[in-house]
Every structure is written in structure tokens, then in C-alpha cells.
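Structure at a glance
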Amino acid sequence: MSVRKAPSAKYSALSSACASCFSQLVMVPCETIKIQLQLFQKTAVKGESVLLRSIRVIYKSEGLRGFWRGYFVSLSCSVPSCAIYYATFETLRRQAYEYCETHPKWAPFVPAATSSCAQIVTCLCTSPIDRIRTQYWANRSQSIRNLLHDTMEEARSRGVSSLYHGLRPLLLRDICFSSVYWTVYEQLHSVTASLGVPIIFQNLIAASVGGMLTSATVTPFDLVKTRQQVLRTTEPIFTTMKMIYKEEGVHGLFRGLTPRIAQTIPSMSVMMRSEERR
């Protein structure tokens, strides 16, 4: 079985961090709408969908600029996250594929295993920043200076562990996403390559389809993460999911699904740039 040469860690870190700056232009409005859906807009007004109501509320209170509120705050999380994740992932994947040259039976498990390990490292490094970013999007009347001050005060009074509130659903969401996504991506990439599809479209099709399917799967974990980070709930993950299911049914577990899927293509373009060197 032949294995593909992975890009260097330095190339992956740099290209993904740069691409993240552009993808955030689309991702930030989607995240803004998603958090509104997950926390505040639970019921629709007659004749108006919950999604459209969320968009209207943001526009009415803040105008178009409101959809990009927190762009630079988001970059403070997304750029290091992408750099850490892809550098770790490509390093581990390259080493794993070198091992698979003499043990090819393990090659199919390389994407899921190495991406999961990379996500663990990334989440441990950036979880506090992700928490601040999510709170900033949710508490739209609070300045970033006041939010940082409150966060530091909380860390002093409750300990550094308070900065990692919401880490468990974050880990579960991202590990599930990466392990499933990369497995689906590799399979789709192989299929499109066998059909003679140009490399740029191989990456686009595999990244977009794989990302959208996987995003839908892990949306309930993303919902729990948002609740824990913003509302500071302490219930276990599956207890929270059970409560949401009892109150709102299956639909409640997937609140924010549409904007989450909508941001998948630009976010996966980060990966696509890293994958162009094979």
C-alpha cells in the first residue's frame, strides 16, 4: 500500500495560520448567529424562522458591523489553534506513515489517530482563549477589556482551572470531529483522485463534504460547550444533552446547525491549503 508524503510541520503551521485570517471573515458572522441560536433564540415568531429572527436581532441592535464583532478576538484563538493543530498533526502523521511503510495494515487508522492527538494538544493550549471568545460573542454589551478583567478575577478567586470551564465538551467535539473528518476526507480524496478530478477540486470536494457531514454530527457537543462556557453550567455533558432533549426534543440538540455548516467550507479551506503539498 502506498502512502502519501505529508507536508512539513512548518509549512502546515504557516499556511493554516494565514488562511485562518481569511476564513474568519466568513466564520465570525456564522459563529455570531450560531451562538444567538444556541443561547437566546429558542422559539420562532409566527411567520419568521428562528434563524432569520436571530439575524434580524443582531442587525437591528448593531447593524452590519455586529456580524463581525469580535473578529480580532477570534483571530487570537483561531490563528494559534490552526498553527498548533496542523504542525502537530503533520508531524505525527508523517512519523506514522513512515512506520506504515513497513506495517501497511495500520495506514487506514493514521488520519483518525494522529488528528485526535493533535486536537488534544490544541484544546489544552487554546481552551481559555476559546472560552473568552465565546463569552465575548454572547455578552454583546460587554467590552473585551471588562471581559478580560472579569476572567482574571475569576481565575484568582477560583483558580486557573476556571479558565478551562467547558474543556470536556470542547475536547469531545473536536476529537470526534477530527477523527471522523480525516477518515472521511481521505476516503473521498482517494475516490475523486481515481476519477481523475484535478487536485484542487479533490481537496475542495473532500474537505467540504467531509466537513459538513462531520459538523452536523458533533453539533450537540458544540451546544453543550457554549452553554458551559457562557452560562457556567456544571452538569455532565450527557446530562445536559438529556435535559435539552426533554425540553426541546431532537431539534433542540441541533440548534445552530445551519450557521455551523455554513462556516464549514471556509474553515476547511485552511486544511485544503495545507494539503496542497502532498
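Let me sum up the structure you'll find in this document. The structure displayed is predicted, hence computed values, not measured ones.

This part takes up the packing of aromatic side chains. Pairs of aromatic rings are described using the distance from one ring centre to the other and the angle between the two planes. Applying the stated criterion across every chain yields a total of 10 aromatic pairs. Site record: aromatic cluster; members linked through ring pairs are Tyr 85, Tyr 86, Phe 89, Phe 177, Tyr 181, Trp 182 and Tyr 185. In this structure, Arg 69 packs its charged tip against the face of Tyr 136, placed 4.0 Å from the ring centre.

Look at helix H6 (residues 167–194): 40 Å from first C-alpha to last across 28 residues, which is about the 40 Å you get at 1.5 Å a residue. One or two steps after H6, the chain reaches Gly 196, where phi turns positive at roughly 80°.

The next subject is the pattern of salt bridges. Per the stated rule, a full pass over the model turns up 15 salt bridges. Two residues, Asp 130 and Arg 133, come together in a salt bridge whose shortest N-O distance is 2.8 Å. Taken together, the residues span about one helical turn, with Asp 130 and Arg 133 both in helix H4 (residues 110–138) at a distance of 3 residues. On the accessibility criterion, Asp 130 (5% relative accessible area) is buried.

Let's shift gears to the side chain of Thr 240. For Thr 240, the location among the structural elements is in helix H8 (residues 237–248). Not counting residues within four places of it along the chain, the set of residues in contact with Thr 240 comprises Val 224, Arg 227 and Glu 235.

Conventions adopted
Residues numbered from 1 in each chain as written. Predicted model: local features only at pLDDT ≥ 70, side-chain atom pairs only at ≥ 80, totals over all residues. Heavy atoms only, no water. Phe/Tyr/Trp six-rings, centres within 6.5 Å; stacked < 30°, edge-to-face > 60°. Lys NZ or Arg CZ within 6 Å of the ring centre and 35° of its normal. Helix = DSSP H or I, 4+ residues; strand = E, 2+ residues; numbered from the N terminus. Expected span 1.5 Å × (residues − 1). Salt bridge = Lys/Arg side-chain N within 4 Å of Asp/Glu carboxyl O. Buried < 20%, exposed > 50% of the residue type's maximum accessible area, 1.4 Å probe, protein only. Contact = heavy atoms within 4.5 Å.

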